[in-house]
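Next come the chains, spelled out residue by residue.
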Amino acid sequence: MTAHATAFHALHHAQLLILPNVADAGGARLVAQLGSQAVATSSAAVAWTHGYKDGNQLPLPLLVSTVQSIARVIDVPLSVDIEAGYSDDPEHVGRVIKAVIDAGAVGVNIEDGAGTPELLARKIEVARRVADSCGVKLFINARSDVYLKGLAPEPQRLEELLKRAALYQGAGADGLFAAGIHLEHEIRQLCQATNLPVNVLAWAGLPAPETLQALGVRRLTAGSSIAEFLYGAMHSLAEGFLRTGKLDTHELKAFTYGDLNGRMPG
């Protein structure tokens, strides 16, 4: 695990790290066999796999069993998206951190979402303390939803994101996941203004990977998009098979995030 943790940190200070997020061990195995330098989960995809909505609802035992099953079948670093830590209590978040480290993770994503940036900073502090006590150099990727969820007026979003980046770095974060940012000039300004490795989310209108690398981005992730397509394709195949008894693969289409999340029980 120590070697994987060290390697995962190093991957954020070299070329652009591209991670196609997975939901389970089978997907992780396929991605690793394709040559991915690390494996990262999508919290939404993991939740949907177990029949839960995305949004801090997945029970910890199911998260842990997923992490254990993925760690068993890969030999590259594993990063786990833990949403907002599944709690507003930083000490509970600490227990989540210990559980995923024990299960095989060397990195986590943890987000602010609708919570205050100060709350996420406290969670990051606890996460760092717990990881250090476990002897693991955990890569803490602080996800800020300023852009993704419009947490500030559009003209102030970059300024707000940078304030949060500084706060999260001071709390012990190793990376900044600027989910939803996609305009080239804003990405450039962000990468120039923070020394945290910047992670962006695959998004319509996002610059090409080689441009992202030149701008200073160090990580590009797919988020829940792969799972959205897979579930949409399964829905189309199953619907056609139920109706005709035949498997028609000609008109497969992805679900949207909202459609798929809305199909899961609360």
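Note: the structure precedes this text.
Each chain carries its own residue numbering, running from 1 in the written order of its sequence. Only residues with pLDDT of at least 70 are given local features in this predicted model, and only at 80 or more are side-chain atom pairs given and counted; all residues enter the totals for whole chains, interfaces and linings. The side-chain quantities take in all heavy atoms of the structure and omit both hydrogens and water.

Asker: Tell me about the layout of surface pockets, and please be specific about residues and values.
Answerer: The pocket and cavity definitions rest on a 1 Å grid over protein atoms only: a 1.4 Å probe that fits but cannot leave marks a cavity, an open set with protein on both sides within 12 Å along at least five of seven lines marks a pocket, and residues lining either have an atom within 4 Å of a point. Grid points are joined across faces, edges and corners, and a volume is the space filled by probe spheres set on the points. Its volume calculated, the largest pocket comes out at about 360 Å³. In DSSP terms, a helix is any run of H or I states spanning at least four residues, a strand is any run of E spanning at least two, and both are numbered starting from the N terminus. When residues of the lining of the largest pocket are traced back to their parent elements, those giving at least two are helix 3 (43-49), strand 4 (107-111), strand 7 (198-201) and helix 10 (225-244). Classification used: nonpolar for Ala, Val, Leu, Ile, Met, Phe, Trp, Tyr, Cys and Pro, charged for Asp, Glu, Lys and Arg, polar for all others including Gly. Each residue belonging to the lining of the largest pocket can be placed in one class, and the counts come to eight nonpolar, 12 polar and seven charged. Of the pockets and cavities examined, the second largest pocket occupies roughly 290 Å³. Around the second largest pocket, the lining is made up of 17 residues, and of these Ala23, Asp24, Gly27, Ile226 and Leu230 lie nearest the centre. Counting residues per element, the ones that place at least two in the lining of the second largest pocket are helix 2 (25-33), helix 3 and helix 10.

Asker: Mind laying out the side chain of histidine 9, listing which residues take part and the relevant values?
Answerer: Tracing the backbone through its elements, the reader meets histidine 9 in helix 1 (residues 2-11). Burial classification: accessible surface area is computed with a 1.4 Å probe over protein chains only, and a residue below 20% of its type maximum counts as buried, one above 50% as exposed, and the rest as partly exposed. Look at histidine 9 and you get buried, because its relative accessible area is 9%. Here lysine 137 takes part through its backbone oxygen, which lies 2.9 Å from a polar atom of the side chain of histidine 9. Among residues more than four places away in sequence, those in contact with histidine 9 are Lys137, Leu138, Phe139 and Asp174. Pairs of N or O atoms within 3.5 Å make up the polar contacts considered here, provided that, within protein, one atom can donate a hydrogen while the other can accept it, and that residues adjacent in sequence are counted only when both atoms are side-chain atoms. We call two residues contacting when some pair of their heavy atoms lies within 4.5 Å.

Asker: I'd like a description of the packing of helix 7 (residues 157-171) against helix 8 (residues 184-193), backed by residues and values.
Answerer: For any two helices packed against each other, the geometry comes down to the angle between their axes and how far apart the axes lie. Only the contacting stretch of a helix is used when fitting its axis, a line to C-alpha atoms as for every element, and angles between N-to-C directions run 0 to 180 degrees. Orientation of helix 7 relative to helix 8, taken along the N-to-C sense of each, is 25°, at an axis distance of 11 Å. The angle between helix 7 and helix 8 places the two elements in the roughly parallel class. Remark: the crossing between helix 7 and helix 8 carries right-handed chirality. Taken together, the residues of helix 8 that come into contact with helix 7 (itself represented by Leu158, Leu161 and Leu162) are Glu186, Gln189, Leu190 and Ala193. Residues that form the contact of helix 7 with helix 8 fall into these classes: five nonpolar, one polar and one charged. Angles below 35 degrees are treated as roughly parallel, those above 145 as roughly antiparallel, those between 65 and 115 as roughly perpendicular, and all remaining angles as oblique. In this scheme the handedness of a crossing depends on how the near helix is turned from the far one: anticlockwise by less than a right angle means left-handed, clockwise means right-handed.

Asker: Provide a residue-level description of the packing of aromatic side chains, including the pertinent values.
Answerer: Two aromatic rings, drawn from Phe, Tyr or Trp (for Trp, its six-membered ring), form a pair once their centres lie within 6.5 Å of each other, and the interplanar angle then sorts them: stacked below 30 degrees, edge-to-face above 60, tilted otherwise. The tally for this structure, following the rule as stated, stands at two aromatic pairs. Centre to centre, the rings of tryptophan 48 and tyrosine 257 are 5.6 Å apart; their planes meet at 55°, and the pair counts as tilted. Here tryptophan 48 is found in helix 3, whereas its partner tyrosine 257 is found in helix 11 (residues 257-262), with 209 residues between them in sequence. Overall, tyrosine 257 belongs to the partly exposed group, its relative accessible area being 34%.

Asker: Break down the pairing of strand 4 for me, with residues and values.
Answerer: With five of its five residues buried, strand 4 lies for the most part within the structure. Side chains Gly107, Asn109 and Glu111 of strand 4 all project onto a buried face; the interleaved residues Val108 and Ile110 project onto the opposite face, where all are buried too. Following DSSP output, two strands are said to pair if at least two bridges run between them. Direction of pairing for strand 3 (residues 78-81) relative to strand 4: parallel, over a ladder of three bridges. Of the residues in strand 4, the one forming a bridge with aspartate 81 is asparagine 109.

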